Amino acid sequence: MTEKLTLRDNAAVRWAALLLLALAMFCSYIFMDILSPIKDLMQSERGWDSLAFGTMQGSETFLNVFVFFLIFAGIILDKMGVRFTALLSGGVMLIGAVIKWYAVAEGFKGSGLEAWFTNNLNYIPGFDELGISPFYQGMPASAKLAAVGFMIFGCGVEMAGITVSRGIVKWFKGREIALAMGSEMALARLGVATCMIFSPFFAKLGGQVDVSRSVAFGVVLLMIALIMFIVYFFMDKKLDAQTGEAEEKDEPFKIKDIGKILSSGGFWLVALLCVLYYSAIFPFQKYAVNMLQCNLSFTPPAEGSFWAGNTVTIIQYCIMLVVAATAFAFNFTSKKSLKTLLLTISVIGLVVFCYMGYMRQSAETIFAVFPLLAVGITPILGKVVDNKGKAASMLMFGSILLIVCHLTFAFILPLFKDSAIGGVLIAYVTILILGASFSLVPASLWPSVPKLVDQKVIGSAYALIFWIQNIGLWLFPLLIGKVLDNTNPQVVNDLKNHVITPEQAAVSYNYTWPLVMLACLGVAALIIGIILKRVDKVKGLGLELPNVQQ
Ligand SMILES: NCCCC[C@H](N)C(=O)NCC(=O)O
């Protein structure tokens, strides 16, 4: 008897479903960091000092971690299914984003709402005492309202993240699942790079600074993300109608099923590895540009020259798109000559991109290469996991690279501070290797989760892992800041006593100890990786096996 073919058996339709989900995540990742590259403008235009800026940025994880929203999101996903939760998450992200946009818009200035926020939300009983409040006395009203919007957005974006992962499992399980997840993540990384380049671009467009333009750009993209989810809704509905499967209905999810996830040793190892590894990456990403500014000496190009202008930004972004497209296309051809051509174009593009970053003499443009390598190689590594397996080994290898990179930044890079080319070269090589690590781990970690838990609790499993991960993403940016202050008492005192200006202080920090702390996270992740590989072998979890059923 021949089995009835469904939408997901058609590769074009399956990949179209992925494209919708991945584009929605691309837009969400752009919004996630929309204010990160314009910290200086938020200070000059809206009076947000580092504390206000950092508190607002940290609010993203607040409801997820401390009000357990992510856990509820997982339960909603497992109870209501992918298409409902996709729409819900798209709507929640958009609401949060619009609030954040209004907070930084001109219209908010002088409004009654501004007065209310100035006089209220100074204290959250319980949270304040623990030092985890997203608001404080004296925080600018615009930063408070932006924090409210960003925490709502944070709920939506993490909900979208687990929904998209579950959606990919639904369409790709037993097929090229790691390639699909790798491609989705590659597009998300391209989102981060897009934001780094276009947020300052929109804020300064036409020579007049308006920070709300950057946020408005992000809001428009989130509207597009919602449209993507709406189109996906109908595809998903059709698939369920064909398979008659409706996983959610056949074996309804019960809260007690979460116990099954928590009793899986493999799940705990993956969750621990995830929080340790990502805590050494995302929080580092927030400080990396400043770390480079402190460890390298830059001679900015002359004002008005080609290298100082916007044209070079657009050219760099186009090169980035070409590198991403050629590296992605590499996965879909078996012709050796075409593979060589695509690889050559990618490598030349990468070299030109790095050269342009060097000529621009700015830490942001040098660090911009970080997501680029991940864009290029995450899908390639995903394909390796699909066809050859070895996910547990890749997790270990990714952790080793992470340790090597953070130690290089801590101990080798500072030795080259006075060497204009040497320092930049070491920075580039280390960032590229870190980018490779940032491809190895996500490409092997996320597709391993379906091997550890039952399909019907997969949403809750991803939610629990994200929740544990979010604790690290909340804690480590804070810890890096504290270690930085405690290990640089001279800079802190000189700044307090007005011996140096804030601008001088900003580039005078010694990052050795925060970097050693991040390298230790890598060591812990490596140990968990070794244990995971051992457990996989003993219990036969299948982590080292290919995903594609031959
Ligand atoms: N700024 C927070 C980033 C959240 C990331 C999300 N929970 C996640 O882990 N996504 C997978 C990835 O590799 O980006």
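Everything numeric in this text was worked out from a predicted model, so none of it was measured. (Residues numbered from 1 in each chain as written. Predicted model: local features only at pLDDT ≥ 70, side-chain atom pairs only at ≥ 80, totals over all residues.)

Caption draft 1: Summary view of the overall build of the protein. Scanning the protein from terminus to terminus reveals 24 helices and 0 strands. Computed over the C-alpha atoms, the radius of gyration of the protein is 23 Å, within 12% of the 24 Å expected from 2.2 N^0.38 for a compact globule of 550 residues. Expressed as lengths along the three principal axes of its C-alpha atoms, the size of the protein is roughly 80 × 55 × 45 Å. By residue count, 51% of the 550 residues in the protein fall in the buried class. Across the protein, every contact between residues at least 6 apart in sequence was considered, and the portion connecting residues at least 24 apart equals 85%. (Helix = DSSP H or I, 4+ residues; strand = E, 2+ residues; numbered from the N terminus. Rg over C-alpha atoms; globule rule 2.2 N^0.38 Å. Buried ≥ 20, exposed ≤ 12 C-beta atoms within 10 Å, placed from the backbone. Contact = placed C-beta atoms within 7 Å.)

Caption draft 2: Representation of the nonpolar core in the model. Core analysis: the largest hydrophobic core is formed by 186 residues, its most contacted members being V270 and L273. In terms of residues, this core owes the most to one element, helix α8 (residues 141-172), which gives 20 residues. In terms of domain composition, this core takes at least three residues from each of domain 1 (8-247) and domain 2 (254-298 + 362-550). In this view, V270 contacts L445, S448, V449, L452, I465 and L532; residues no more than four positions away in its chain are not counted. (Core = buried A, V, L, I, M, F, W, Y, C linked by C-beta atoms within 7 Å. Domains from an automatic or database assignment.)

Caption draft 3: View of helix α10 (residues 211-243). Under the 1.5 Å per step criterion, the end-to-end length of α10 is 48 Å for 33 residues, consistent within 8% with the ideal 48 Å. Residue G244 follows α10 closely and has a positive phi angle near 60°. (Expected span 1.5 Å × (residues − 1).)

Caption draft 4: Representation of the environment of V209 in the model. By the secondary structure assignment, V209 is in the loop between α9 (177-203) and α10. Accessibility expressed as a C-beta count within 10 Å gives 14 for V209, which makes it partly exposed. Through-space distance from the C-alpha of V209 to that of S59 is 25 Å; in sequence the pair is 150 residues apart. The residues contacting V209, other than those within four sequence positions of it, are L41, E45, A203 and K204.

Caption draft 5: Spatial organisation of the packing of helix α14 (residues 282-295) against helix α21 (residues 458-487). The contact between α14 and α21 brings their axes to 8 Å, and the two run at 35°. The way α14 lies across α21 gives a crossing that is right-handed. Here α14 contributes F282, P283, K286 and Y287 to the contact with α21, which in turn contributes L473, F476, P477 and I480. Split by residue class, the contact of α14 with α21 holds 7 nonpolar, no polar and 1 charged. (Axes fitted to C-alpha atoms, helices over the stretch in contact; angles between N-to-C directions. Left-handed = near helix turned anticlockwise from the far one by under 90°. Nonpolar A, V, L, I, M, F, W, Y, C, P; charged D, E, K, R; others polar.)

Caption draft 6: Seen up close, unusual backbone geometry. Backbone geometry at F68 places phi at a positive 60°, although glycine is not the residue there. Its place among the elements puts F68 in the loop between α4 (62-66) and α5 (69-80). Positive phi, close to 70°, is recorded for K390, a residue that is not glycine.

Caption draft 7: Structural detail: the domain arrangement of the protein. Domain annotation for the protein reports domain 1 (8-247) and domain 2 (254-298 + 362-550). Domain 1 puts 36 residues into the contact, and the matching count from domain 2 is 38 residues. Among the elements of the structure, α4, α5, α8 and α9 are those that each provide at least two residues to the side of domain 1 that touches domain 2. Considering each element in turn, the side of domain 1 that touches domain 2 owes the most residues, 13 residues, to α9. Taken together, the residues of the side of domain 1 that touches domain 2 sort by class into 19 nonpolar, 9 polar and 8 charged.

Caption draft 8: A look at the site of the ligand. If you check the shell around the ligand, you find M32, E158, G161, M185, A188, Y278, F282, P442, F466, Q469 and L473 and nothing else. Only α8, α9 and α21 provide two or more residues apiece to the shell around the ligand. Its residues placed into classes, the shell around the ligand shows 8 nonpolar, 2 polar and 1 charged. Per-domain counts for the shell around the ligand show at least three residues from each of domain 1 (8-247) and domain 2 (254-298 + 362-550). (Near = placed C-beta within 6 Å.)

Caption draft 9: Highlighting the environment of T6. Positionally, T6 belongs in the segment before α1 (11-32). Between the C-alpha atom of T6 and that of V157, which follows or precedes it by 151 residues, the distance is 30 Å. Leave out the neighbours within four places in its chain, and T6 touches L239, Q242 and T243.

Caption draft 10: Examining the environment of N488 more closely. Inspection of the secondary structure puts N488 in the loop between α21 and α22 (489-496). Overall, the presence of 21 C-beta atoms within 10 Å leaves N488 in the buried class. Expressed as a C-alpha distance, the spacing of N488 and Y509, which sit 21 residues apart in the sequence, is 6.4 Å. Filtering out sequence-adjacent residues up to four positions away, N488 remains in contact with Y509 and N510.

Caption draft 11: Spatial organisation of the confidence of the model for the protein. The pLDDT averaged across the protein works out to 90; a share of 97% of its residues lies at or above 70. Looking over the protein, one finds the lowest element-wise mean pLDDT in helix α11 (residues 247-250), namely 52, and the highest in helix α6 (residues 82-104), namely 97. For this predicted complex, the interface confidence reaches an ipTM of 0.96, while the overall pTM sits at 0.89. (pLDDT = per-residue confidence, 0-100.)

Caption draft 12: Fine view of the packing of α1 against α8. The geometry of α1 relative to α8 is characterised by a closest axis approach of 10 Å and an angle of 160° between their N-to-C directions. Here α1 is positioned roughly antiparallel relative to α8, judged by the angle of their axes. Remark: the crossing between α1 and α8 carries left-handed chirality. Counting all contacts with α1, which are made through R14, A17, L18, L21, A24, M25, S28, F31 and M32, the residues of α8 involved are F153, V157, A160, V164, G167, I168, W171 and F172. A breakdown of the residues in the contact of α1 with α8 according to their chemical character gives 14 nonpolar, 2 polar and 1 charged. (Parallel < 35°, antiparallel > 145°, perpendicular 65-115°, else oblique.)

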